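Structural characterization, general
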Amino acid sequence: QTLSNSGFKVDIYLGEDVTVELFQNLPSLGYKLIVLRVHTAYNPDFVVFFTGTYADSGYFTELLIGWVRIGDVGGQRFYTVTPSLIEEATGYRRFQNSILIVDSCYGLNSTSMARSFIYKGASAYIAWDQGVYPNYSDGATLELINYLLDGMTVEQAVNATTKDPDLGSELSYYGNGYAKLR
């Protein structure tokens with residue numbers, strides 16, 4: 001609603017619409033701001049994003065190449081996308097200086113995914129380094145978006161956003177701290 005009221009065209013992808021193909025096509029969709037509210041898996045070496053696609057068939061080649069993995073949430077298995085999918089499976093498509101906000105845990109516990117998005121043309125990648133409660137993260141993301149809409153740079157907006165008082169997770173960014181949404 002906040003983005004729509006500010007003149008942005010907003011597309012929302014939920015559940016099973018969050019597919020491997022969506023991540024592959026994301027650079028060509030032309031978004032200036034991308035908010036990913038997806039489940040991530042903790043791994044000290046790299047970040048993966050869960051899709052809404054059950055890991056029960058398909059994607060055999062992508063599994064062998066390492067573009068996708070299988071992750072478990074509450075006993076259900078889903079495909080996850082890896083940094084190499086963003087770098088390689090997107091082909092020649094590039095982001096147009098997009099700002100990415102990862103509204104979930106562990107988006108920057110490693111810079112692996114952030115580096116992939118920046119490599120593909122994103123200007124900045126904003127995320128939490130540890131776990132965060134969903135209600136807190138959602139509120140902080142809205143606060144962050146409002147700062148960006150007010151003309152702050154990525155660095156200013158990240159620094160102004162309320163810090164996580166419970167789990168100690170820090171919101172940070174990778175890429176161009178001087179990038180602006182407007």
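Cut-offs and rules
- Residues numbered from 1 in each chain as written.
- Predicted model: local features only at pLDDT ≥ 70, side-chain atom pairs only at ≥ 80, totals over all residues.
- Heavy atoms only, no water.
- Salt bridge = Lys/Arg side-chain N within 4 Å of Asp/Glu carboxyl O.
- Buried < 20%, exposed > 50% of the residue type's maximum accessible area, 1.4 Å probe, protein only.
- Helix = DSSP H or I, 4+ residues; strand = E, 2+ residues; numbered from the N terminus.
- Phe/Tyr/Trp six-rings, centres within 6.5 Å; stacked < 30°, edge-to-face > 60°.
- Core = buried A, V, L, I, M, F, W, Y, C linked by side-chain atoms within 4.5 Å.
- Contact = heavy atoms within 4.5 Å.

Now for the pattern of salt bridges. Pairing of side chains with opposite charge becomes possible as their charged atoms draw close. Across all of its chains, the model carries three salt bridges by this definition. Lys-9 serves as the salt-bridge partner of Asp-11, at 3.0 Å between the closest nitrogen and oxygen. Residue Lys-9 is classed as exposed on the basis of its relative accessible area of 66%. For Asp-103, the salt bridge identified is with Arg-37, shortest N-O distance 3.9 Å. Of this pair, Asp-103 sits in the loop between strand S6 (99-102) and helix H5 (112-119) while Arg-37 sits in the loop between strand S1 (33-36) and strand S2 (40-41); the two residues are 66 residues apart in sequence, bridging distant segments of the chain. Assessed through its relative accessible area of 8%, Asp-103 is described here as buried. For Arg-37, a relative accessible area of 51% translates into the label exposed. Salt bridges here are not isolated pairs; linked through shared partners, they connect Arg-37, Asp-103 and Asp-138.

Another aspect to go through is the packing of aromatic side chains. The tally for this structure, following the rule as stated, stands at eight aromatic pairs. The interplanar angle of 25 degrees and the centroid separation of 4.9 Å between the aromatic rings of Tyr-54 and Phe-78 together place this pair among those described as stacked. In this pair, Tyr-54 sits in strand S3 (residues 48-54) while Phe-78 sits in strand S5 (residues 76-81), placing the two residues 24 residues apart along the sequence. Ring-pair connections join several aromatic residues into one group, and the members of that group are Phe-23, Phe-49, Phe-95, Phe-117 and Tyr-125.

Turning to the nonpolar core, a few remarks are in order. Residues Phe-23, Leu-36, Phe-49, Leu-85, Phe-117 and Tyr-125 are the most contacted members of the largest nonpolar core, which totals 29 residues. Where this core is concerned, the elements lending two or more residues are helix H2 (20-25), S1, S5, helix H4 (83-89), S6, H5 and strand S7 (124-128). Not counting chain neighbours up to four residues away, the residues in contact with Phe-49 comprise Phe-23, Leu-36, Val-38, His-39, Thr-40, Tyr-79, Thr-80, Val-81, Val-102, Met-113, Phe-117 and Tyr-125. Counting residues in hydrophobic clusters, the runner-up holds 20 residues, among them Ile-126, Ala-140, Val-154 and Leu-181.

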